[in-house]
Each structure stands twice: as structure tokens, then as C-alpha cells.
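# Breakdown of the fold
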Amino acid sequence: MKSYLDLVGESAKVHKKKNRNTIICIAIAVCLVTAIFGMADMEVRTRKIGAIKEYGNFHVNIKNIDDETARLISNRADVAVSGWIHGVHNGMLKEKPLVVLGGEEAICYEMGIDIEKGHFPKKVDEALLDRQAMKQFDISLGDIVSVTLSEGRTDKYTIVGVYRDFANLKRKDSHGLILSNKRIREIAGNTDGSSYYVQFKKGANMRNAIDEIKAKFQLIDKQVSENIFLLALVGHSRDSYMVKLYMIAAVLFVLVLIAGVLMIASSFNMSILERVQFFGMLRCLGASKRQVKRFVLLEGINFSLKGIPIGLLIGTIIVWMSSGFLKYVNPTYFSDMPLFAISWPSIITGIVVGFLTVILSSLSPCKKASKVSPLSAVTGNTNQSNVPQSKTAAKTKHVRVDIAMGIHHAFSSRKNILLMTGSFGISIILFLSFSVLVNFMHQGLKPLRPYTPDVSIVSKDNTCSLDMNLLNELKENSKIKHAYGRMFAYNIPITSKHCSSKINLISYEENQFACAEKQLTQGSIDKVEEGTDSALIVYSEDFTLELEDSITLKLPSGEKKIKIGGILSDSPFDSTSGTQTVICSEKLFRELIGERGYTIIDMQLEKGANDETVSWIRSLTTSQMQLSDQRQSNEEGKAVFYSFAIFIYGFLLLIASITVFNIINSINMSVTGRMNQYGVMRAVGMSGKQLQRLILAESGTYVICGCLLGCVLGLPLHRLIFNSMITSRWGLEWQFPFTALAVIIVLSVVATFLSVIGPVKKINKMDVVNVINAQ
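Residues numbered from 1 in each chain as written. Predicted model: local features only at pLDDT ≥ 70, side-chain atom pairs only at ≥ 80, totals over all residues. Heavy atoms only, no water.

## Observations regarding a negative patch on the surface
Among the surface-exposed residues, Glu510, Glu517, Asp526, Glu529 and Glu530 lie close enough to one another that they form a single negatively charged patch. Looking at the element boundaries, Glu529 is found in helix α20 (residues 526–530). (Patch = residues over 30% accessible without salt bridge, like charges linked within 9 Å, V, L, I, M, F, W, Y side chains within 5 Å. Areas by Shrake-Rupley, 256 points an atom, 1.4 Å probe, with all protein chains shown as cover. Salt bridge = Lys/Arg side-chain N within 4 Å of Asp/Glu carboxyl O. Lys, Arg positive; Asp, Glu negative; His and termini not counted. Charge placed at Lys NZ, Arg CZ, Asp CG, Glu CD. Helix = DSSP H or I, 4+ residues; strand = E, 2+ residues; numbered from the N terminus.)

## Points about helix α26 (residues 738–765)
Between its first and last C-alpha atoms α26 spans 42 Å; for 28 residues at 1.5 Å apiece the expected length is 40 Å, and the two agree. Of all the positions in α26, only Ala740, Leu741, Ile744, Ser748, Ala751, Thr752, Ser755, Val756, Pro759, Val760 and Ile763 are classed as buried. (Expected span 1.5 Å × (residues − 1). Buried < 20%, exposed > 50% of the residue type's maximum accessible area, 1.4 Å probe, protein only.)

## Overview of the packing of aromatic side chains
With the rule as written, the count across this model stands at eleven aromatic pairs. With centroids separated by 4.6 Å and ring planes inclined at 45 degrees, the aromatic side chains of Phe736 and Phe738 adopt a geometry described as tilted. One aromatic cluster in this structure is built from Phe488, Tyr490, Tyr508, Phe513 and Phe573. The ring of Trp84 carries the charged tip of Arg185 above its face, separated from the ring centre by 5.2 Å. (Phe/Tyr/Trp six-rings, centres within 6.5 Å; stacked < 30°, edge-to-face > 60°. Lys NZ or Arg CZ within 6 Å of the ring centre and 35° of its normal.)

## Comments concerning the side chain of Glu509
With respect to the helices and strands, Glu509 occurs in the loop between β15 (500–508) and α19 (510–516). In this structure, Glu509 is in contact with Tyr484, Gly485 and Glu586, ignoring residues within four places of it in sequence. (Contact = heavy atoms within 4.5 Å.)

## A look at the packing of helix α25 (residues 688–730) against α26
Helix-helix packing is characterised by the crossing angle of the two axes and by the distance between the axes. The N-to-C vectors of α25 and α26 enclose an angle of 155 degrees; their axes lie 9 Å apart at closest approach. As far as their axial angle goes, α26 and α25 are roughly antiparallel. Where α25 crosses over α26, the two elements pack in a sense that is right-handed. Mapping the contact onto sequence places Gly688, Leu691, Gln692, Ile695, Leu696, Ser699, Gly700, Val703, Cys707, Cys711 and Leu715 in α25 and Leu741, Ile745, Ser748, Thr752, Phe753, Val756, Val760, Ile763 and Asn764 in α26. (Axes fitted to C-alpha atoms, helices over the stretch in contact; angles between N-to-C directions. Parallel < 35°, antiparallel > 145°, perpendicular 65-115°, else oblique. Left-handed = near helix turned anticlockwise from the far one by under 90°.)

## Examining the nonpolar core
Membership of the largest hydrophobic core comes to 94 residues, with the highest contact counts inside it found for Leu32, Phe434, Ile695 and Met725. Those residues within four positions of Met725 in sequence are excluded, and the remaining contacts are Tyr241, Leu245, Ile248, Val436, Leu437, Phe440 and Trp730. Cys584, Val614, Ile617 and Leu620 belong to the second-largest nonpolar core, a separate cluster that totals 39 residues. (Core = buried A, V, L, I, M, F, W, Y, C linked by side-chain atoms within 4.5 Å.)

## Side note on unusual backbone geometry
Even without glycine at this site, Asp138 takes up a positive phi of about 55 degrees. On the basis of relative accessible area, Asp138 is assigned to the exposed category, the value being 67%. One non-glycine residue, Gln218, adopts positive backbone phi at about 55 degrees. Within the secondary structure layout, Gln218 lies in the loop between α8 (206–216) and β11 (224–226).

## Description of the packing of helix α16 (residues 401–411) against α25
One can describe the packing of α16 onto α25 by two numbers: an axis separation of 7 Å at closest approach and a directional angle of 45 degrees. Overall, the two elements α16 and α25 adopt an arrangement that is oblique. Considering how the two elements wind past one another, α16 and α25 form a crossing that is right-handed. Contact with α16, carried on its side by Asp402, Ile403, Met405, Gly406, Ile407, His409, Ala410 and Phe411, involves Gln690, Arg693, Leu694, Ala697, Glu698, Thr701, Tyr702 and Cys705 of α25 and no other residues of that element. The residue inventory of the contact of α16 with α25, partitioned by class, reads nine nonpolar, four polar and three charged. (Nonpolar A, V, L, I, M, F, W, Y, C, P; charged D, E, K, R; others polar.)

## Some remarks on the sheet that holds strand β21 (residues 600–605)
Strand order in the open sheet made by the four strands is β13-β21-β12-β22, with antiparallel pairing throughout. Either end of the sheet is taken by a strand with one partner, and the two such strands are β13 (480–486) and β22 (625–629). On average, each strand axis in the sheet is inclined to that of its neighbour by 15 degrees, with strand direction left out of account. Two strands pair when backbone bridges link them, and β13 and β21 are joined in this way by six bridges, in the antiparallel orientation. Its bridge partner lying in β21, Gly485 is registered against Ile601. (Pairing = 2+ DSSP bridges.)

Structure below.
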């Protein structure tokens with residue numbers, strides 16, 4: 001050996017099994033950080049794909065500016081792509097509604113105009129048409145179509161390209177015609193009503209850029225519209241709710257880092273403590289305190305060099321498996337997601353957490369090892385002189401001796417109990433905090449709700465003009481799983497003791513009431529379903545009414561009163577600000593409004609249903625009806641839901657697994673560190689069963705303290721996150737998370753019992769002398 005530090009390698013060869021536990025713990029902590037941050041990174045990428053497909057790949061659009069202003073904005077160094085998109089009044093194509101718009105090719109591509117065949121229109125008489133229209137009207141590339149605009153003029157265009165369907169066009173039973181920028185300007189006459197879309201470069205300070213553009217060109221807020229969802233995903237949104245989500249993400253970020261730090265610190269601390277005598281022997285051989293500190297620090301770095309790559313590899317594989325599953329579940333929606341992508345933020349975070357934690361964790365053991373006196377090492381009294389000992393004996397008055405000794409061992413080292421308790425407690429806190437995301441997912445994403453229709457027939461003028469016979473005919477089709485109608489009455493003035501406002505009154509039948517049961521936060525649905533004088537109201541941000549309040553409806557037939565019998569957290573219906581949604585039975589609706597027909601008929605199709613079924617449904621409609629095909633939007637929504645579900649449940653499964661491994665590994669190391677003490681106990685007559693109870697009592701103490709700490713800190717944090725994410729948005733009151741808490745506590749208890757079995761068997765099989773001399 002050329003240096004005393006070469007002993008680090010020799011020591012590692014001798015203590016392979018003991019060092020393996022420390023390396024595993026470092027790998028687990030790094031895996032936790034890498035996997036969670038990697039999955040979060042992949043989820044952000046997935047949500048960006050979804051946001052781009054639904055809203056377009058732009059960050060801001062600006063209205064009512066001239067060409068010179070647009071040119072100056074496009075020349076900014078932080079602008080990647082920009083261009084005009086002009087919209088005109090809706091037209092008609094073969095008696096079907098037609099959205100006519102046009103713009104510059106580059107920005108149209110970013111807005112989701114995905115050309116499947118042909119090319120973007122270059123001449124004034126060329127156009128793109130959606131795939132659904134091409135199929136429905138049997139149009140081919142090169143055909144000339146006649147389009148009637150809303151002002152009555154008729155134009156003819158040659159179809160030079162086909163673009164992929166938009167879900168919102170299918171939902172509205174309309175089609176889209178895309179023209180060149182030159183032609184759309186000729187039709188529009190000027191830039192009024194047009195928008196200039198801007199996409200900033202990656203890494204640009206988008207917030208400052210938007211403020212600079214507004215200030216430089218003296219734009220008012222109404223002229224500048226932001227793509228809130230896309231800006232939120234890149235961390236540049238100022239929306240108040242998004243700011244709350246950023247803060248919650250920061251809290252979860254810190255919790256994950258703390259979990260990794262405590263796992264590594266606890267493991268490394270025990271690894272050093274069990275070899276205090278070894279460091280004392282180094283002092284006997286002439287090593288200085290400074291040399292011992294360097295030895296421990298280098299040993300920790302060596303552990304990191306082995307544990308960190310393993311953790312990074314396992315964490316990355318977990319992320320790849322999640323991404324691969326998404327591509328398998330919905331290859332169309334997630335085709336753009338890279339299968340073997342490297343998440344550099346997670347890799348860098350894992351490396352930093354691994355090295356930094358080990359170095360920080362080494363500082364205290366370094367001092368402890370350097371303070372071991374040579375005399376203590378020679379006499380073998382290192383445990384008594386250097387390891388913190390309790391000043392009182394084990395209390396055996398009310399409990400068995402072996403159990404009392406186990407509890408006493410757990411509390412004998414203050415630092416050890418704090419690290420072990422903190423390590424177990426932070427896992428429970430993490431699990432409870434991430435479990436709120438499950439509620440957020442179910443509230444925020446609706447496509448899997450039982451009431452979500454595949455196809456709907458809607459009255460064009462939003463009146464109750466759909467006959468009940470049409471509903472009965474639809475129900476007879478075997479390809480239609482469910483069909484149900486709803487009546488609507490819009491903007492009804494009401495008065496209550498709180499204020500005067502407007503409501504949208506909507507009818508439900510028994511199946512829809514059954515679905516609404518899950519969204520009920522207060523009151524009862526039974527009385528409302530009976531159709532007497534009660535109704536449900538949907539919570540909103542401008543919510544003013546309370547349970548049992550009476551409201552007076554000002555109807556053409558006179559004033560009528562109803563009571564609020566229940567409050568729903570959510571509903572499938574959108575409403576404008578200041579207008580609340582009220583739901584009642586069909587019986588009460590007819591008594592109040594007097595209408596007997598439906599405004600909309602929703603249908604859910606059987607799995608075997610296809611476009612032929614939709615064509616048959618379309619054949620039943622008249623010119624006064626509109627068919628809304630929501631299958632594509634539902635599929636896209638399901639894809640978003642599945643992606644979110646995989647990552648959220650993946651987080652919880654990963655945290656639960658890490659908790660189990662951490663408990664087993666930590667307790668194994670604790671038992672290994674006290675091996676010689678257990679040998680002495682066996683030498684003085686302790687049986688194997690007593691030894692098992694002792695170790696179980698010590699391990700149970702760590703877990704019980706960890707569970708208590710996790711509950712004391714985790715439950716208030718769970719409530720805080722729930723109120724910020726759920727209550728403020730949907731009005732759902734916080735409820736005690738019995739399921740999440742039971743799952744993580746049961747896992748901790750089971751892991752504790754499992755962790756004791758192996759070490760006890762090992763000690764019972766070993767010779768007493770070997771156990772006493774174990775190092």
C-alpha cells in the first residue's frame with residue numbers, strides 16, 4: 001500500500017456484506033429521486049403533447065395589430081415561430097356547418113393542422129379539408145367544392161390536401177376549410193378579427209417577453225391572450241390556481257429530497273457506528289483525527305460511486321417502463337413520446353442528492369470515528385465510551401424483559417432514533433401528500449365518468465324540441481348501450497336571500513341521478529329525484545347559495561319557488577360567470593317550464609359499435625338537429641387520464657415499495673450493528689424466541705415512532721394540499737384519508753415483521769462466540 005487510504009479498498013473487500021446494505025440504501029434513495037422526478041418530467045412532456053394537440057403549440061396570440069407590428073414581433077430573438085391565422089364567419093358545405101379560416105403555413109402546422117395527404121394551399125383557389133368531410137361527402141384530392149359563406153357569397157376551391165380531424169369539429173358536427181393567407185385576407189378585407197400567434201424559443205423568459213411586447217407596442221390586456229395550459233407546463237403561468245400548483249409541486253419536490261437524504265444518512269450513520277472499534281485501531285496504528293475523517297469521507301464517496309449508478313439505472317428503467325406502457329395503451333395519442341428518453345433533470349438531481357447526502361452524512365460519523373481513543377479500541381470498550389448510551393436501565397416493571405430491552409435499545413442513541421424515525425416518517429408523509437393527486441385526477445379529468453356520452457343529438461336552437469319517440473327508437477338499437485335525454489332552460493332569472501342572479505335549469509332521469517351521487521358533497525339526491533320541489537346546484541367559484549336555501553324562479557308563467565336539496569362538486573356542463581347550474585327531475589322541470597321534449601339526447605355505444613352505427617343515428621336527425629360525435633375527444637381525454645393515472649399510481653407504488661425496502665434494509669443494518677450484543681445475550685441464557693421478541697420490539701419502536709411522526713406531520717400537510725388543489729377549485733371538503741393511511745401503515749408493519757425473520761434465523765444458526773466477535 002502506498003497510502004493509508006488504500007485501506008478503504010481492503011476494508012471494502014472484507015466487509016462486502018455489510019457494505020452491501022449501505023450501497024443498497026444509497027441506490028434506493030437515488031432510485032426514488034430519479035424515478036419520481038423522471039416520471040414527473042415524462043408526465044409534463046405528455047401533458048405538453050396533449051395541450052399542443054388540443055390548444056395549439058403557441059404561447060400567446062395577439063389581436064388587432066398591423067403587419068408592421070407583427071413583423072417587429074417576429075424579429076425578436078426569443079421568438080421561434082410566429083404567424084397570422086385569420087378567421088371569417090362560418091359557412092356551409094353541402095348543408096353542413098363549415099369553419100373557414102386561413103393563415104401562414106408555419107404557424108398553421110404548429111396549431112395542429114396535420115396534413116395527411118397533399119400540401120398546404122399556396123394559390124388563392126386552393127384549400128385544405130378535414131378527413132371526415134372528405135369521407136362523408138365522397139370528395140377526392142383535386143375535386144372542386146362550392147362553399148357558401150355566411151354573408152351569402154359562394155366560392156369554389158380545389159382541394160389540394162387533407163388534414164387530420166379535430167375532436168371539437170366532430171363534437172359540433174361541423175367541418176373545417178383551410179385557405180392560404182393571401183386568400184383569407186382577400187375575404188376578410190383587413191386584419192380585424194385576426195390573431196397573430198407567437199411561439200417562444202425553448203429556455204426564453206416568456207413572462208418577461210410577453211410583458212415587454214405589451215409595453216413596447218402599447219397593447220391592452222384584451223388584445224393579448226395566453227395559452228394558459230402550455231405556459232403552466234413550462235412554469236410561466238400567472239394564473240392564481242396554477243401558482244398554487246407550483247407551490248405544491250415545490251413542497252413535494254422538497255419532501256422527495258428530504259426522504260432521500262434521511263434514507264442515506266440513517267444507513268451511513270449506522271454503518272460507521274458499528275465499526276467504531278476499527279477506527280480506534282487505526283488511531284492505535286498512528287492515524288491522526290484528520291486522517292480518520294478523510295478515510296470515512298473517501299469510504300462514503302466509494303459507496304456513492306457504486307450505489308448512485310445502480311439507483312440511476314433502476315429509476316430510469318422505471319420511467320422507460322411507464323412511457324412504454326403509455327405507448328402500448330394508446331399508440332396514436334402517445335406516438336410522439338420517446339420510448340427510451342433520458343430525463344436529464346432526474347439524472348442530475350439523483351446524482352446531486354446521492355453525492356451531497358453522503359458527504360453531508362459523513363461529517364458526523366467522521367467526527368465520531370476520529371474521537372475514538374486508542375485505549376478504548378485496545379480494551380474493547382468502544383461501545384461504552386464512544387457510542388451514546390442511555391443513562392437509565394430498561395424498564396421491566398410492566399413489560400417482559402426482552403421487549404423492554406428492545407425498546408431500550410431503540411432509544412439508547414438519540415441520533416439513531418431520530419434518523420430512523422425520520423426515515424420511516426417521511427415515507428408516510430410522502431405517501432399521504434402524493435395521494436391527494438388521485439383526488440385531483442378524478443376531479444380534473446372527466447372522460448371516464450359514467451355519464452360521458454359517445455354520441456349526442458342536440459337541438460340546433462337549444463330548445464326542448466327533440467321528441468320522446470326519438471329517444472325510444474334509439475334505445476331499441478342493440479349497438480346503443482345507454483340513451484337518455486335532458487331538458488335545458490337557459491338564463492332563468494332568480495332571487496334568493498343572498499342575491500339575484502341567473503341559472504341554467506337542467507333535467508335528469510334516474511341513471512343520471514345515480515351518476516351524480518358520486519359528486520354530491522352536501523344534501524340528498526333522493527328528494528330531488530322524487531320530483532317535488534327540490535333541486536341540486538353545482539358548486540362554482542362564484543357560488544353563493546347554500547343547502548336548504550329557497551330560490552324564486554322568474555318564469556313567463558309566473559314566479560315559482562324551489563329548494564336547494566343538494567350540492568354537487570362538479571357536472572358535465574359549462575356555464576358562464578354569474579350563471580349557476582341547477583339540476584332537477586324531469587317531473588319538476590315539466591311543472592316549472594311546461595316543455596315535454598328534450599334539448600339533448602346522449603348515447604353510450606357498445607364496444608362493437610362503429611361508424612355505421614353513427615351513420616344510422618345521423619339518418620334519424622333532421623335539419624333542426626345536430627349530431628355531436630365525441631368519440632375522438634373521449635379517446636384523447638382517456639389518453640390524458642391514463643397518462644396521469646400511470647404516473648400518480650406509479651408515484652404511490654414507488655413510495656410504498658421504497659418504504660418497504662427502506663424498513664427492511666434499515667432494520668437489517670441495525671441488527672448487524674448490535675450483533676455482538678445479541679451474542680452476549682445468548683451467552684447469558686437468552687433463547688431464540690426472546691431474542692426475536694427483543695429485535696421485533698426494537699424494530700417496532702422505530703416503525704411506531706415513524707408512523708406517529710408521519711401522521712402528525714403528514715395529515716395536516718395532506719389537508720393543506722387538498723384544500724389548495726381540490727376544495728378551492730371544486731368545493732369538496734377534506735375527508736380523513738383512511739384508505740391511504742391504512743395502506744402505508746399496514747405495509748410498514750408487515751415490512752417490520754418480515755425484516756426480523758432473516759436476521760434472527762442468522763443469529764440463531766451462528767455460534768455464540770462468532771456472534772460476540774462479529775464485526
